[in-house]
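Chain and residue survey
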Amino acid sequence: GPQADAFAYRALAIGAGTAAVAMAAAMGWRRSRRDGLIAAGLIAFSYPMIHFSSEARGYALLLLAALASFHLMEAYLRAPSRRRLAAFILVSLLGLASHLTFLMVEAGLAAWAAMVLYRRFGSIVSTLARLILLFGVQFLVLEAFAAVAWNNMVIGGSPSVSAASSAAITVQLGFGVDALAGGSNWLAVAVVSAVIMMIWRLYREGDASWIFHL
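Here we summarise the structure given alongside this text.

About the criteria used
- Residues numbered from 1 in each chain as written.
- Predicted model: local features only at pLDDT ≥ 70, side-chain atom pairs only at ≥ 80, totals over all residues.
- Heavy atoms only, no water.
- Helix = DSSP H or I, 4+ residues; strand = E, 2+ residues; numbered from the N terminus.
- Rg over C-alpha atoms; globule rule 2.2 N^0.38 Å.
- Salt bridge = Lys/Arg side-chain N within 4 Å of Asp/Glu carboxyl O.
- Buried < 20%, exposed > 50% of the residue type's maximum accessible area, 1.4 Å probe, protein only.
- Axes fitted to C-alpha atoms, helices over the stretch in contact; angles between N-to-C directions.
- Parallel < 35°, antiparallel > 145°, perpendicular 65-115°, else oblique.
- Contact = heavy atoms within 4.5 Å.
- Phe/Tyr/Trp six-rings, centres within 6.5 Å; stacked < 30°, edge-to-face > 60°.
- Lys NZ or Arg CZ within 6 Å of the ring centre and 35° of its normal.
- Expected span 1.5 Å × (residues − 1).
- Polar contact = N/O pair within 3.5 Å; in protein donor to acceptor, adjacent residues only side chain to side chain.
- Core = buried A, V, L, I, M, F, W, Y, C linked by side-chain atoms within 4.5 Å.
- Lys, Arg positive; Asp, Glu negative; His and termini not counted.

A few words now on the overall build of the protein. If you tally the helices and strands in the protein, you get ten helices and zero strands. In sequence order, the protein lays out its α and β elements as α-α-α-α-α-α-α-α-α-α. The C-alpha radius of gyration of the protein comes to 19 Å, within 12% of the 17 Å expected for a compact globule of 214 residues. Across its three principal directions, the C-alpha atoms of the protein cover 50 × 45 × 35 Å.

For the rest of this paragraph, the subject is the pattern of salt bridges. Pairing between side chains of opposite charge can happen when their charged atoms approach one another. For the coordinates displayed, the defined rule picks out five salt bridges. For aspartate 35, the salt bridge identified is with arginine 34, shortest N-O distance 3.5 Å. Taking the relative accessible area as the measure of exposure, arginine 34 reaches 59% and is therefore exposed. Each member of the salt-bridge network shares a partner with another, and the members are Arg30, Arg31 and Glu74.

Turning our eyes to something else, we now look at the packing of helix H4 (residues 59-78) against helix H6 (residues 102-121). At a minimum axis distance of 10 Å, the contact between H4 and H6 shows a crossing angle of 5°. When the axes of H4 and H6 are compared, the pair comes out roughly parallel. Counted together, Leu62, Ala65, Ala66, Ser69, Phe70, Met73, Glu74 and Leu77 of H4 and Phe102, Val105, Leu109, Trp112, Ala113, Val116, Leu117 and Arg120 of H6 form the full contact between these two elements.

With that settled, the discussion passes to the packing of aromatic side chains. Per the counting criterion, the structure on display carries seven aromatic pairs. With a centroid separation of 5.1 Å and 55° between ring planes, the pair formed by phenylalanine 70 and phenylalanine 212 is classed as tilted. Residue phenylalanine 70 is located in helix H4, and its partner phenylalanine 212 is located in helix H10 (residues 210-213); the two are separated by 142 residues in the primary sequence. Taking the centre distance of 5.3 Å and the plane angle of 85° together, the rings of tyrosine 203 and tryptophan 210 count as edge-to-face. Lying over the aromatic face of phenylalanine 121, arginine 130 brings its terminal NZ or CZ to 3.9 Å of the ring centre.

Along its 24 residues, helix H1 (residues 6-29) runs 35 Å from first to last C-alpha, staying within 8% of the 34 Å computed at 1.5 Å per residue. On its buried side, H1 packs onto helix H2 (33-44), helix H3 (47-52) and H4. Looking at where H1 begins, the residue whose side-chain oxygen comes 2.9 Å from the main-chain nitrogen of phenylalanine 7 is aspartate 5.

It is worth spelling out the nonpolar core at this point. Membership of the largest hydrophobic core comes to 38 residues, with the highest contact counts inside it found for Met73, Leu77, Trp112, Ala113, Leu134 and Phe135. Among the elements of the structure, H1, H2, H4, helix H5 (82-98), H6 and helix H7 (124-148) are those that each provide at least two residues to this core. Sort the elements by how many residues they give to this core and H4 lands first, with 13 residues. The contacts of leucine 134, once residues within four sequence positions are left out, are Met73, Tyr76, Leu85, Phe88, Ile89, Ala113 and Leu117.

Let's shift gears to the side chain of glutamate 106. Within the fold, glutamate 106 resides in helix H6. The side chain of glutamate 106 sits in the buried core without any salt bridge; arginine 30 is the nearest counter-charge, 16 Å away. Only 3.5 Å separates the side chain of glutamate 106 from the side chain of glutamine 138, close enough to count as a polar contact.

This is the structure:
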């Protein structure tokens, strides 16, 4: 209710933000202890993550679901199982319930899964059948939501800005620069360039997750 303590409103976000650090560590730990510590550090000291983890909104839970869904997708594509499939679907539904921008994560995961599955089976029909298993429930839930609530949504927040400006501000805030107070766009350009190089490296190494990151 409106008279609840401020912490009560933010408890879920704080918990999700804290869990995201542990999730990132687990994802990196799969490769090496060093990677686990680096991944956890990037999340723990990310300004947007700290900010979202103190807001009574859905972003912290969305980002936790994004990390967890990537982790589960990676595991499922390596060794499919019903347990991993069910866990992936549940985490995806949590992400969609947190914020509708989770659709961007789902789209990236679907592109990644499609590439891996088509390479494995060499058949469009087999690939589509497995994509339906992975994303069919989420699609039906989203369709039901659209039928009931989509037209009744009221979009709030500040005036919209261009995609390029939004991306530049996000990157700069992520690395501690106050972009809203006139930060330089050069840092954003440098970071995006480095990310593109890393995506290119994944592509050259044959890691299909490059398409998700892109």
